[in-house]
Amino acid sequence: MPLSMPLPLRASLLTPDMALYVVAKRGAVGLTRSAAYDHGKDGIRVTSNSFLSKAASPEEIAGMVLFLARDLAGFATGGVYTVDGGQTVR
């Protein structure tokens with residue numbers, strides 16, 4: 001895998017040369033889910049966002065953040081949302 005590929009994308013693909021980064025990234029996902037589970041009963045929503053800075057414009061990132069902050073996303077908790085223009089599914 002090319003080393004020029006952005007780190008979040010490489011972690012999503014689980015390359016063996018990125019073991020420490022993958023462990024940290026997966027730990028952040030687990031922490032997000034655990035915090036959502038622990039605090040959901042208090043009406044607190046916890047989400048995590050993963051952005052590839054070269055892939056998304058500030059406006060595209062803001063769109064996801066604004067959506068998650070609104071009451072319309074009231075049932076969205078414990079999820080990790082990637083804003084990358086589909087790079088992690090290619």
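Residues numbered from 1 in each chain as written. Predicted model: local features only at pLDDT ≥ 70, side-chain atom pairs only at ≥ 80, totals over all residues. Heavy atoms only, no water.

Draft legend 1. Looking closely at the pairing of strand β1 (residues 48-51). Only one face of β1 is covered, namely the one carrying Ser48 and Ser50; the face carrying Asn49 and Phe51 has none of its residues buried. The pairing of β1 with strand β2 (residues 80-83) spans four bridges and is classified as parallel. Bridging from a neighbouring strand, Ser50 pairs with Thr82 of β2. (Buried < 20%, exposed > 50% of the residue type's maximum accessible area, 1.4 Å probe, protein only. Helix = DSSP H or I, 4+ residues; strand = E, 2+ residues; numbered from the N terminus. Pairing = 2+ DSSP bridges.)

Draft legend 2. Geometry of the confidence of the model for the protein. Confidence in the prediction of the protein, expressed as mean pLDDT, is 79, and 77% of residues score 70 or more. By mean pLDDT, the top-scoring element of the protein is helix α2 (residues 19-39) (88), and the lowest-scoring one is helix α1 (residues 7-12) (52). Within the model, the stretch residues 1-5 combines pLDDT values under 50 with eight contacts to residues more than four positions away or in other chains. (pLDDT = per-residue confidence, 0-100. Contact = heavy atoms within 4.5 Å.)

Draft legend 3. Local environment of the side chain of Ser48. Its place among the elements puts Ser48 in strand β1. Those residues within four positions of Ser48 in sequence are excluded, and the remaining contacts are Thr32, Gly79, Val80 and Tyr81.

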